[in-house]
Amino acid sequence: MTTGSRSLSEPVPGTVSRRGFLRAGGGVAALAALPPLLTACSSSGGSDKVRIVGVADQQKPIEELLALYRKSHPDPAFSTSFAPTDQVQTVVRTQLAGGNAPDVHVLFPGSGSAMSMVELAKAGLLTDLGGQKWTQRIPKNFDPAYRHDGKTYLYSAGSSVIGAIYNKKAFAAAGVQPPRTWSELLDVCAKLKAKGIVPIALGAQTPWVTQLISYALVPNAVYAKSPGFNADMAAGRAKFAGSGWADALGKYQELQRKGFFNDNPNGTTYEQQTSLVASGKAAMAVQVSAVLANFRQATPTPDDLGMFPFPGGDNPAELWIPAGIVVGLGVAAHAKNPAEAKAFIEFLGQQENINRWATAVSAIPFTRDATTEIDPALAGFLPIIDANRAVPFMDQSWPNAEVQPAHFAAVQELLAGKTDVAGALGKMDQAYGKKS
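Conventions adopted
- Residues numbered from 1 in each chain as written.
- Predicted model: local features only at pLDDT ≥ 70, side-chain atom pairs only at ≥ 80, totals over all residues.
- Heavy atoms only, no water.
- Helix = DSSP H or I, 4+ residues; strand = E, 2+ residues; numbered from the N terminus.
- Buried < 20%, exposed > 50% of the residue type's maximum accessible area, 1.4 Å probe, protein only.
- Pairing = 2+ DSSP bridges.
- Phe/Tyr/Trp six-rings, centres within 6.5 Å; stacked < 30°, edge-to-face > 60°.
- Lys NZ or Arg CZ within 6 Å of the ring centre and 35° of its normal.
- Core = buried A, V, L, I, M, F, W, Y, C linked by side-chain atoms within 4.5 Å.
- Contact = heavy atoms within 4.5 Å.
- 1 Å grid on protein atoms, 1.4 Å probe; cavity = no way out; pocket = protein on both sides within 12 Å on 5 of 7 lines; lining within 4 Å.
- Points joined across faces, edges and corners; volume = space filled by probe spheres on them.
- Nonpolar A, V, L, I, M, F, W, Y, C, P; charged D, E, K, R; others polar.

Per an unreviewed UniProt entry, the protein chain carries the name Extracellular solute-binding protein and comes from Streptomyces scopuliridis.

**Some details on unusual backbone geometry**
A cis amide bond links Asp-75 to the next residue, Pro-76, at an omega of 0°. Looking at where Pro-76 falls in the secondary structure, it is placed in the loop between α1 (59-72) and β3 (78-83). The residue Asn-264 is not glycine, and still its phi comes out positive at about 50°. Considering the arrangement of structural elements, one finds Asn-264 in the loop between α9 (245-257) and α10 (270-279). Although it is not a glycine, Ser-362 adopts a positive phi angle of roughly 50°. You can see Ser-362 is positioned in the loop between α13 (351-360) and β13 (364-365).

**Details of the pairing of strand β2 (residues 50-55)**
β2 sits mainly inside the fold: six of its six residues count as buried. Residue alternation in β2 divides its side chains into two sets, Val-50, Ile-52 and Gly-54 and Arg-51, Val-53 and Val-55, and both sets are buried. Two strands pair when backbone bridges link them, and β2 and strand β4 (residues 104-107) are joined in this way by two bridges, in the parallel orientation. Each residue of the ladder has a partner; that of Ile-52, found in β4, is Val-104.

**A look at the packing of aromatic side chains**
Under the definition given, this model contains 21 aromatic pairs. Judged by centre distance (6.2 Å) and plane angle (10°), the rings of Phe-142 and Tyr-146 are stacked. For the pair formed by Phe-142 and Tyr-146, the shared burial category is buried. Their ring planes at 50° and their centres at 4.7 Å tell us that Tyr-166 and Phe-171 sit as a pair that is tilted. The exposure class of Phe-171 is buried, given its relative accessible area of 1%. Of note, Lys-251 hangs over the ring of Trp-182, and the distance from its end group to the ring centre comes to 5.5 Å.

**So, the nonpolar core**
Core analysis: the largest hydrophobic core is formed by 142 residues, its most contacted members being Trp-245, Leu-255 and Met-284. No other element matches the nine residues that helix α7 (residues 211-223) contributes to this core. In contact with Leu-255, other than residues within four places in its own chain, are Trp-182, Leu-185, Leu-186, Ile-200, Ile-213, Phe-260, Phe-261 and Phe-310.

**Comments concerning empty space enclosed by the protein**
Considering only enclosed or pocket space, the second largest cavity measures out at about 50 Å³ in volume. Taken together, Tyr-223, Phe-229, Asn-230, Met-233, Phe-240, Trp-245, Ser-397, Trp-398 and Tyr-432 form the lining of the second largest cavity. Here the lining of the second largest cavity takes three residues from helix α8 (residues 229-234), the largest share from any one element. Taken together, the residues that form the lining of the second largest cavity break down as seven nonpolar, two polar and no charged.

This is the structure we're talking about:
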């Protein structure tokens, strides 16, 4: 998934537990020598700087870890810059193809987007990191997220989950608690609305935000009943249309029909969504745990925020959730400073730095030691993960970079009343059938 968070040893292939997580994209959020919108955030002397390009959600861990790195590596000089995901997807991809690549750049796990590991590896635009020691600790069942054709191209600290980030004061004002079932969710939303509080903030003007409610609902609607759905899709035995995806998008529409979103979601940005929840004007937002830090930063009292699994079914003992590897970094195949770029990535691969990055983005590190701590807000997700009821973010199994934008557009059209569920899924099926 495109947006913004997972010590694991002895992983069990095909399962998700505290000791072995299923991989997925961390998608779901947010540049030197880039357009003005891609703001350079820091730099240090020298004319031939090692350029690092990240999405906004990576700014805190990258800048903090780079400062630590430079204490023992004062040369070479570095520049860092960050931008929203949508800008990165277009501008950086163009630079990579045009030979004007940053040395180190944002990279999404698996496949399914223009800046995903598989898509760039197939195009010959990435450097193999497989000789670095940290890569030996990647659990085997994470291979599809980190590796392509046996080579390791992605650095990522671990996994994130998708759920509801909520304002505890807003919930208290309405006298409600985090719901555990779909029916309870509808009841909670109705009580919040009656108190004049927007139940769910939705910033669908920012394309990557459109996918998150779908992804929260699809695990129950699809994978709980058909664990082999991805393989069936790849083999042509299944389609989006006629599958549990229709139920998931139907529930998405139901939330809108009942008036549980803010006015004009398609005219509301991710930043505005964040502000609505942080201020208590809205009670919750379906988001990836990697952006918890952003929500906390915007909230006067960060402890007022919590997070719970977004319930897509009516049996809490059988709730399924999405969990996936967070957005990471890669080294460009045509980097001007490849040795320095790889040295920085190797530094990031040290366990203490994996822990630091994971903590900054509320992720669960892919490998742990005695010092590893998990964000308390994620406590409610761990039992579900341990019970093997978590699945990768959906786009990480998609065969090309066409399906994800088709999904974005389909949701925006649904919200605008310009299509129905069948039409939306038909367009996604059409995109899925295109060759990469």
